[in-house]
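Geometric and topological summary
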Amino acid sequence: MATLDSLKRALRQKAQATASSPKQPLSDTQYSDGFDTLVQGSGWMTYQDFIIPQLSELVASLFNSRIHISVLEIGPGPKSVLGYLPHHLRRKVKRYTAFERNGLFGTRLEEWLCSTSETESPLPCLERPPDIRRIPFVLEDNIGSGTGASYDDEKYDIILFCHSMYGMKPKHRFIERALEMLVERPQGGMMVVFHRDGALHLDGLVCHRMASFPTGVVRVADDDEVLDCFAPFIAGFVMRDVDADKALRVEQRKVCRALGRHEEAHPDHLLFSAPEVVVAFTQHAAALPELTAQVPVVKGDMTVKNREARLRRPASIIRPTEVRHVQQCVQWALKHGVGLTVVGGGHSGHCLWPNVVSVDMGAFDQVHILTVGEHGGDSGSGSGSGSLVVAEAGCKTGDIVRKTIAAGVTVPLGARPSVGAGLWLQGGIGHLARLHGLACDAIVGAVVVSVNTGQVLCVGRVPSQHRPAGAVRPENEADLLWAMKGAGTNFGIVVSVTFKASAAPTYLTRDWVVPLGDNLEARLRLSDFDKLVAGKLPRNCSADAYLYWDAGQLRLGVTMFESCTTGLAVAASTSTPVGAIWGPEDDSKAVDGVGLFEAEMYVSGMHGGHGGSKTSSFKRCLFLKGIGEANLVDRLVAAVETRSSPLCYLHLLQGGGAVNDIAAGATAFGCRDWDFACVITGVWPRDQDGTEAARSTVRWVYNVARDLLSLSSGVYGADLGPDPRDATLAAKAFGPNRPRLARLKRSLDPHNVLAYTCPLPKALMEQKLIILVTGESCAGKDYCADIWVSVFIGCTHKSLTARVVSISDAAKREYAAATGADLSRLLGDRAYKEQHRPALTAFFQEQVRQRPRLPEEHFLNVVRSAVDVDVLLITGMRDEAPVAAFSHLVPDSRLLEVHVQASGQTRRIRRGDHGGDDDSNDNNKDSNNSRSNLTALDHCPSLIFDNDTAGDDAAKRFAEYSLLPFFHEDLQELANMARPVPDFPCPGIEFRHVLGISQQPGGLALCTSLLQTHFTGDWAKVDVVACCEAGGLVYASALASRVDVPLVLIREAGKLPPPTISVIKPPSHISSLASNDSKEKRIEMERDVVPRGASVVVLDDVLATGETLCAVLRLLDEAGISAEDVSIMAVAEFPVHRGRELLRRRGFGRINIQSLLVFGGA
């Protein structure tokens, strides 16, 4: 799939070759028509999925810090992107100015912003009409020419460059001109540039932040008329001569059809790749000379190993030669609010980043080997014996191996000689891993420059002679050392690493290559390899496998590595498991650690050899178990069969052994439970770098990774970076350690100086809150959600992040793609959306019929898109009882449903229908002007908000009194009292000792206080509190006493005096796990102890499967208490067991259920 940039070059070349007429710029009409073809449908998705969320995140802090915001938008087009920001941000904009040279766009923009319809203006709080200037934004030198006007005195909080700075050259000059127009108050302003396709070279300007969207796509109808609008717009001109222009358009259609890609799902459309970047600048953008005057700079271009990085142009590359130079880089970055990248071995795709300063550690290239006498046991925090290896951060793996072998020792590093510190700090999988662990497991100390303070930190065991002068030990030394061992690139700039050394072995390598006829044979061979070969090897041996296509056939290559410190004479003659199955090896050799690098099969044994810098590659790595299982083998084979280049392959590196010996939480590298690391390796000839061949191979790697992700036990984080395609992979990169890493990132890199490393989630509150905003059409759900977001973000003492996402947008995209409806209008035009609502609803229902799990897929996609926020509000819900339906999918988060209701009259007014009583567009009709008919629901929402009052005061009060309390520190204190107990009552279960809260000092009082205050009903109207032994009894008795309500006991049959009533109760989840006794029991209560029609609160310590509560509710029903008179409260809920769903299926869905705590365990 060609990019728009390559299409533009091809169109211009075609014009140069075929047309003799002079060119002329597009008219306003021609430009407008071409622009519309670009942004409609899939083109708008780039705005919806990337530009708008990125802009919202970038400006949120600035907007929230000021009462009035002034905006200058350059080239906004027919609508301002500001109009799609969250409501609470749009309301801050008080002054709006735009330069829009296209007269048609200027008119449409003004009409849109000055809407006289009853719908609210996109910028509803402007203090004066928008200033739309139908002239180009020009450089100061041109102001006197009549093409513009002086704007030297104009200052703005926000300046936006839209639509790729079309026609502005040189771009850096225009950016520098705009930077002069930012406000100069202490915090200054921000300028944001949206740029589509092609590189944005800005000659030394340093960005505040940059984000990329490489998966942007433009889909254009394969129609002559449409292409005749689209092609001139991309080329940027038409021919002055009419006949020449007509002839050129015929040729341009051919170019578009030759370069555009057809997809089976859209056979009548052409697809083009349209990557997008968003770059933010502040008044510090020109601060680079301040740094380059202090530290050494790399002159000219720097060659790095990684193909992606080679194509990027950083603002500058600094090459420090002393530790103080690294400190100066950090101090400069902190002063100016910018990020840094670090270059070690140059294998990382994010070691160089556009318009960001890179710190090349290449001058720190020394390796020091210290025996016990030399380091003297001087271990800092901890002790140890044996040799140590101190490797500076500019060393390559090959350098370390060569020098250590000469001293008779080694470190278990990776299998590539040119990789650097990024590998050791993020894992390091090599052929000694089964014997000695990963490279990061051998780290015992490090010297690090803090990116929070610029101090030099000495962490763990660092020999005294290798501690820089002035280095200090951090207060959180243990945490930092833990983080260095698996995620070390995220927390500081590492100067050196101290490894514990092992005896240097020699190796025997043996190769086999087995042709595979079909999937069945592949299953058999891989199953044999997994179970009979790899599974039976001793720890000093490892077996790698390669699945690749060569000479017209699928092949399985196997290399066995056997290490030995006492010589290989015996080993060379030893029979092997693989030899017994596949016969003698094709090749074998004895090598040392240096020779081992050349013994890799991919170097010389596959496709004529991948060594010698003839090729470029792109990799992602997932961890797998059971590679011989049918469903996994089929996916592996399919991956190779669908390869985009003949040179692509899958590399399976064996794990287990010492890798698995280390507990997941002992180091930051939390993915320990795997048999093989599957390296999905996309390869293409190096002379095709930057072409469609390279891009399609990268897409193949991501497609394979996505296909294998659900079957994997984790993802290797060393390759991952800020590419949004890495986000879902990064979510499985550190196993159970992600929350701890997120908290450390916030504390050790609070200014996000290292913003372009393997992505970690932003440190959340201890628990994430997901609010499902439901209600009937025109009740004001989106408006309320925006207001509530503003309350969360404005709660400065909590530092919360919040976002609104519509779950229905996914269905709208699919509907637009299938029907040709205008996606941008479906997403942003209420009248158009209402027009399509019946067809859209029918389409979605049919999709669900074909894909029953589609609602869950949409929900998870929305949640994953917002992993970096504390509070996620989801609108557009279509599901009944969404908390019961979805809570098990996010068991570590609290899920609430807030039902927004308004009277029928209010909703008709909002819909613009003042006459009649037609509510046909509502999901549930009401027969009068009362509020939404909640009796039509078969479940009870968590909270209800009446949205009939004009203004936002009521919505704000609701958020402050009903939503913010979920972040009260008392709840977190209570959660901390429920200690986790691993492997209880059986292995694999993490038990939360909820009942143990009562044993903590103040625990019972705190719990009952919170139960009282969080109850959404009225305690004055509650007649009794009921509980079932034993856990519920502890808390219910204290609560009943506190609220002065009688306590009703529900116990096992035979423990209460007659007369009683009883029902059968199945065993609880934990009880069934703890013993083999799965017999049903009866529970009972005294007859007539609860008056008929009484209001009852049922309290239990835990809501898990819901079986106990179901039995209690049946018992109350036997006593004449209907479900409508019952509320349920639980101290802790475990959503993974789907207790709410069980209660709903059993007919108790309309009962209000509240829980103080939510846990993901048992």
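In case you missed it, the structure is sitting above this.
The structure contained in this document is the topic of the report that follows. (Residues numbered from 1 in each chain as written. Predicted model: local features only at pLDDT ≥ 70, side-chain atom pairs only at ≥ 80, totals over all residues. Heavy atoms only, no water.)

Section: the side chain of Asp1101
With respect to the secondary-structure elements, Asp1101 resides in strand 42 (residues 1096–1103). Once residues lying within four places of it in the same chain are set aside, the contact partners of Asp1101 are Val994, Gly1031, Gly1032, Tyr1035, Ala1130, Val1131 and Ala1132. (Helix = DSSP H or I, 4+ residues; strand = E, 2+ residues; numbered from the N terminus. Contact = heavy atoms within 4.5 Å.)

Some remarks on the packing of helix 7 (residues 224–235) against helix 8 (residues 242–259)
Axis separation between helix 7 and helix 8 bottoms out at 9 Å; the angle between their running directions is 90 degrees. One way to sum up the angle between helix 7 and helix 8 is to call them roughly perpendicular. Taken together, the residues of helix 8 that come into contact with helix 7 (itself represented by Asp224, Leu227, Asp228, Phe230, Ala231, Pro232 and Ala235) are Arg249, Gln252, Arg253, Cys256 and Arg257. Here the contact of helix 7 with helix 8 is composed, by residue class, of six nonpolar, one polar and five charged. (Axes fitted to C-alpha atoms, helices over the stretch in contact; angles between N-to-C directions. Parallel < 35°, antiparallel > 145°, perpendicular 65-115°, else oblique. Nonpolar A, V, L, I, M, F, W, Y, C, P; charged D, E, K, R; others polar.)

Considerations on helix 20 (residues 630–641)
Across its 12 residues, helix 20 extends 16 Å between first and last C-alpha, which sits within 8% of the 16 Å expected from 1.5 Å per residue. Looking at helix 20, one finds that the buried residues are Leu632, Val633, Leu636, Val637, Ala639 and Val640. When helix 20 is viewed along its axis, its buried side chains cluster within an angular range of 155 degrees and face the same direction. (Expected span 1.5 Å × (residues − 1). Buried < 20%, exposed > 50% of the residue type's maximum accessible area, 1.4 Å probe, protein only. Arc of directions from axis to C-beta.)

Re helix 17 (residues 519–533)
Since the α-helix packs 3.6 residues into each turn, any two residues three or four apart lie on the same face. When the terminal C-alpha atoms of helix 17 are compared, their 20 Å separation across 15 residues agrees well with the 21 Å that a helix rising 1.5 Å per residue should span. Residues Ala522, Leu526, Ser527, Phe529, Asp530 and Val533 constitute the buried set of helix 17.

Side note on the sheet that holds strand 43 (residues 1126–1133)
Sheet architecture is open: seven strands sit in the order 40-41-39-38-42-43-44, paired in mixed fashion. Each edge of the open sheet carries a strand with a single partner, namely strand 40 (1060–1065) and strand 44 (1152–1158). Neighbouring strand axes in the sheet, compared pairwise and without regard to direction, differ in orientation by 25 degrees on average. Across seven bridges, strand 42 lies against strand 43 in parallel orientation. Bridged to Leu1103 within strand 43 is Glu1133. Where helix 37 (residues 1107–1118) meets the sheet, its contacts fall on strand 38 (1024–1028), strand 39 (1047–1052), strand 40, strand 41 (1081–1086), strand 42 and strand 43, and the angle it forms with strand 40 comes to roughly 150 degrees. (Pairing = 2+ DSSP bridges.)

Let's talk about the pattern of salt bridges
This structure, assessed with the given rule, holds 47 salt bridges. One salt bridge connects Glu477 with Arg473, and the closest N-O pair in it is separated by 2.5 Å. Assessed through its relative accessible area of 11%, Glu477 is described here as buried. Between Arg525 and Glu521 there is a salt bridge, and its shortest N-O distance comes to 3.6 Å. Pair noted here: Arg525 and Glu521 are both in helix 17, with a separation of four residues, about one helical turn. For Arg525, a relative accessible area of 23% puts it in the partly exposed group. Since its relative accessible area comes to 24%, Glu521 is described here as partly exposed. Several salt bridges share partner residues, and in doing so they unite Asp222, Asp224, Asp228, Arg253 and Arg257 into one network. (Salt bridge = Lys/Arg side-chain N within 4 Å of Asp/Glu carboxyl O.)

Here's the deal with the environment of Arg1082
Along the chain, Arg1082 falls in strand 41. Along the primary structure Arg1082 and Val1034 are separated by 48 residues, whereas in three dimensions their C-alpha atoms are 20 Å apart. Not counting residues up to four positions away in its chain, the partners in contact with Arg1082 are Arg1051, Glu1052, Ala1053, Ser1062, Val1063, Ile1064 and Lys1065. Of the polar contacts made by the side chain of Arg1082, one reaches the side chain of Ser1062; its length is 3.1 Å. (Polar contact = N/O pair within 3.5 Å; in protein donor to acceptor, adjacent residues only side chain to side chain.)

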